[in-house]
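This is what each chain is made of:
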Amino acid sequence: MPITTLSRGQRIKLTDILPDNQPFQLGLNCYGPNLTVDFVCFGLDAQSKLSDDRYMIFFNQPKSPCNGVSLISLLDNQGGFSIDLPRLPGTIHRLMIAAAIDGQGTMSQLTQGSLCVLKDHIELARQIFNGADYTAERVIILAELYRKDGVWRFALVGQGFNGGLDALVRHVGGIVFENKSPVPNKPQEPVVQPHREQLTKITLQKQGDSTPLILDKKGLSVIHVRLSWKTAVDLDLHAFYRTKSGEFGHVYFGDKGNLDRKPYISLDQDAGVGNTSGDNEENLHIKNIGYFSSVVIATNIFRFFGFLNSGDNFAQYDGRVNLKTDAGHEVIVPLVSKVKGRWCIIAKIDNAGGSEARVINVNQVQEREPGHNIV
């Protein structure tokens, strides 16, 4: 099938490109020397406003609540979006797709850019562009998908904003919270959700506490998990997981896994000194969190003869789990349970169906090794 050529300013029915209403992908590529470009999708209401900030899809919020729009990475493109229009609620009338410069530079420095419509990763239509049409713009509205007379239509826009992403957020009615102490010569990133955590350390003190786990801009952070403790006891670190296809698995000292292929979890060698007091730790790493529905982080007390000492409980070991992403977000879950038992399910990374992975403080103690139902 020949590839349809698209051009700036063109408006067509989406059915002119796609034969049905099934999911498709938009592949986006913006390249220029020393430019870093992020892609954003706004889900807008009938007045073309961002009335629900959960429908700003970008690196910090990679999925819409309905899973109708998801930020993705494609082999031959820097990034893009997976779009399933029937999933969108009736309140969303328009999807605005934009490219924004992160850091210094302007869109005039683009040496090559493309927007591709793909079905099952097969290219159906393509627009090619570069920086010749732009000067000081820092963000471009690349395209829009919108409803008209009950039919989804596709427009190639190409409109730029000199003010950058924050100017576009304001244009669609979003709120930008400015940093009151700006760093000289560094443009400030817009924050459209005041309830979202900053990239910092967050401690989940109580059972049931939870927080989003913020990944890097492409959603591809490796999650580094460290179990540390001070007291003279030998703890072992475990990861129990379930994939989105339903597969159950267990990474531990007997099966250390692999980070670069399935199961995308690996356990390091013991970095501590076992059952003597001091700075003890074990580490594991999780890659490709989108592959998993959930990952449970657990530990057990190792005793050579299988029994516990009088008074053994996890709260007395001065232990904690640190989960840290490449984006600089760190979540700390202390071991706080005083219940006696050999196993402690410390934390759960829940990635089952929301717009983001969440870390939950579990701190559940039991005598036997967790089974399939734990994830």
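Remember, predicted model here, so these are calculated numbers, not experimental data. (Residues numbered from 1 in each chain as written. Predicted model: local features only at pLDDT ≥ 70, side-chain atom pairs only at ≥ 80, totals over all residues. Heavy atoms only, no water.)

Section: the overall build of the protein chain
Helix and strand counts for the protein chain stand at 1 helix and 25 strands. When the 375 residues of the protein chain are sorted by exposure, 51% land in the buried category. Counting only carbon and sulfur atoms, one obtains 48% of the accessible surface of the protein chain, whose full area is about 17500 Å². (Helix = DSSP H or I, 4+ residues; strand = E, 2+ residues; numbered from the N terminus. Buried < 20%, exposed > 50% of the residue type's maximum accessible area, 1.4 Å probe, protein only. Areas by Shrake-Rupley, 256 points an atom, 1.4 Å probe, with all protein chains shown as cover.)

As for unusual backbone geometry
Note that the residue after K262, namely P263, is joined by a cis bond; omega there is 15°. Unlike most non-glycine residues, S48 shows phi in positive territory, near 60°. With respect to the helices and strands, the residue S48 is situated in the loop between β4 (37–44) and β5 (56–57). Judged by relative accessible area, S48 falls into the partly exposed class, the value being 28%.

Section: the pairing of strand β24 (residues 343–350)
β24 sits mainly inside the fold: 6 of its 8 residues count as buried. Examined bridge by bridge, strand β21 (residues 292–301) and β24 share 7 bridges and lie antiparallel to one another. Each bridged residue has a counterpart across the sheet, and for V296 the counterpart in β24 is K348. Across 7 bridges, the pairing between β24 and strand β25 (residues 358–366) is antiparallel. Along β25, the bridge assignment pairs K348 with I360. (Pairing = 2+ DSSP bridges.)

Looking at the sheet that holds strand β8 (residues 94–101)
Spatial strand order, β2-β12-β11-β8-β4-β5: 6 strands in an open sheet with antiparallel pairing. Pairing within the sheet leaves two strands with one partner each, and these edge strands are β2 (11–13) and β5. In terms of strand pairing, strand β11 (residues 139–148) meets strand β12 (residues 151–161) through 9 bridges, oriented antiparallel. When the bridges of β12 are listed, Y146 appears paired with R153.

Details of the sheet that holds β24
On the basis of which strands lie adjacent, the open sheet formed by 6 strands has the order β14-β25-β24-β21-β16-β17 and antiparallel pairing. Each having just a single partner strand, β14 (210–212) and β17 (248–251) make up the two edges of the open sheet. The mean angle between the axes of side-by-side strands here comes to 20°, regardless of whether they run parallel or antiparallel. (Axes fitted to C-alpha atoms, helices over the stretch in contact; angles between N-to-C directions.)

Some details on the nonpolar core
Membership of the largest hydrophobic core comes to 42 residues, with the highest contact counts inside it found for F81 and F154. Grouped together as the second largest cluster of nonpolar side chains are 39 residues, W229, I265, Y317 and A357 included. (Core = buried A, V, L, I, M, F, W, Y, C linked by side-chain atoms within 4.5 Å.)

Re the environment of K201
Relative to the helices and strands, K201 is located in strand β13 (residues 201–203). With relative accessibility at 57%, the residue K201 sits in the exposed group. Spatially, the C-alpha atoms of K201 and N322 are 9.3 Å apart, while their sequence positions differ by 121 residues. Non-local contacts of K201, meaning those with residues more than four positions away in its chain, are made with E330 and I332. (Contact = heavy atoms within 4.5 Å.)

Some details on the pattern of salt bridges
Under the defined criterion, the tally for this structure stands at 9 salt bridges. A salt bridge links R8 to D133; its shortest N-O distance comes to 3.7 Å. With R8 in the loop between β1 (4–5) and β2 and D133 in the loop between β10 (122–129) and β11, this residue pair connects regions lying 125 residues apart in the sequence. Between D120 and K119 there is a salt bridge, with its nearest N and O atoms 3.4 Å apart. Overall, the relative accessible area of 14% leaves K119 in the buried class. (Salt bridge = Lys/Arg side-chain N within 4 Å of Asp/Glu carboxyl O.)

A word on the packing of aromatic side chains
Considering all chains together, one arrives at 8 aromatic pairs under this definition. When the centroid spacing of 5.3 Å and the interplanar angle of 70° are considered together, the rings of F58 and F59 count as edge-to-face. Residues F58 and F59 agree in their burial class; the two are buried. Between F240 and F248, the aromatic rings sit 6.5 Å apart at their centres with planes inclined by 25°, giving stacked as the arrangement. A relative accessible area of 0% means that F240 is categorised as buried. Every member of this aromatic cluster is reached through a ring pair, and the members are Y241, Y264, Y291 and F292. (Phe/Tyr/Trp six-rings, centres within 6.5 Å; stacked < 30°, edge-to-face > 60°.)

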